[in-house]
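# Structural overview
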Amino acid sequence: MIKIDLNDTYVPKEVSEDLKYFIFDSELANENLIELHVVISQHPDEYLQDVYNIGFGPIDQTGEIDDKCKIKHKNVNKVFSTIILYGITFLNEHKDNFIGIDGSDDLRAYFYHRMFRYNLADLNDILSVVGVDWYVKLLRNQTDIERDTNNLPLFKPRPELFDLNRDARDLYRYYMYKLN
């Protein structure tokens, strides 16, 4: 279980002036260090205009963040405390916005779900945590669904305050937080 402790975080090696880029070293279980990059970017969904996505991981061979890399950190609590704190630092400059974390597969969604569920009581004083599902609207004729300009199903986000009682088998696909 991940325990978020905003007083036990890694010191950044580099932070961009606009707070959208951050680098820190994490110690691995084998005692080696790995450089982790954190990038905050505007969420591409037009229905989530006040949301900034946070992506993190090591840099791959193409120079991009490998956010699917499996890493054995010595102190995973400290890694995620650092990432959450960095998002809070960004939000201090962008108070009306959210930071979002994508559960890009079921394993990661389950991990984030458990992390927020376990830490929600401790974070409630400073953060509001929101879970997001996507849905397709059934039209009034009850035989068709809402479609985009390419005639594909139009998926829209449905944010809700994080439900502590929601079963972990019914995961959100996206997790967001903002300052209270």
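Summarised in this report is the structure supplied together with it. In this text, all values refer to a predicted model and were calculated from it rather than measured experimentally.

## Structural notes on the pattern of salt bridges
One pass over the structure, following the stated rule, counts 15 salt bridges. Ionic pairing is found between Lys-13 and Glu-35, a salt bridge with its closest N-O pair at 2.5 Å. Placement of the pair is Lys-13 in the segment before β1 (14-15) and Glu-35 in strand β3 (residues 33-42), with a sequence separation of 22 residues. Residue class for Glu-35 comes out partly exposed when judged on its relative accessible area of 32%.

## Description of the packing of aromatic side chains
According to the stated counting rule, one finds 15 aromatic pairs in the structure shown. Plain terms: the ring middles of Tyr-52 and Phe-90 are 5.0 Å apart, the flat faces sit at 65° to each other, and that makes the pair edge-to-face. Note that Tyr-52 is positioned in strand β4 (residues 51-57) and Phe-90 in helix α1 (residues 76-93), a separation of 38 residues in sequence. By the burial criterion, Tyr-52 is buried, and Phe-90 matches it. Considering the side-chain rings of Tyr-172 and Tyr-175, the 5.7 Å spacing of their centres and the 90° angle between planes classify their relative orientation as edge-to-face.

Calculation criteria
Residues numbered from 1 in each chain as written. Predicted model: local features only at pLDDT ≥ 70, side-chain atom pairs only at ≥ 80, totals over all residues. Heavy atoms only, no water. Salt bridge = Lys/Arg side-chain N within 4 Å of Asp/Glu carboxyl O. Helix = DSSP H or I, 4+ residues; strand = E, 2+ residues; numbered from the N terminus. Buried < 20%, exposed > 50% of the residue type's maximum accessible area, 1.4 Å probe, protein only. Phe/Tyr/Trp six-rings, centres within 6.5 Å; stacked < 30°, edge-to-face > 60°.

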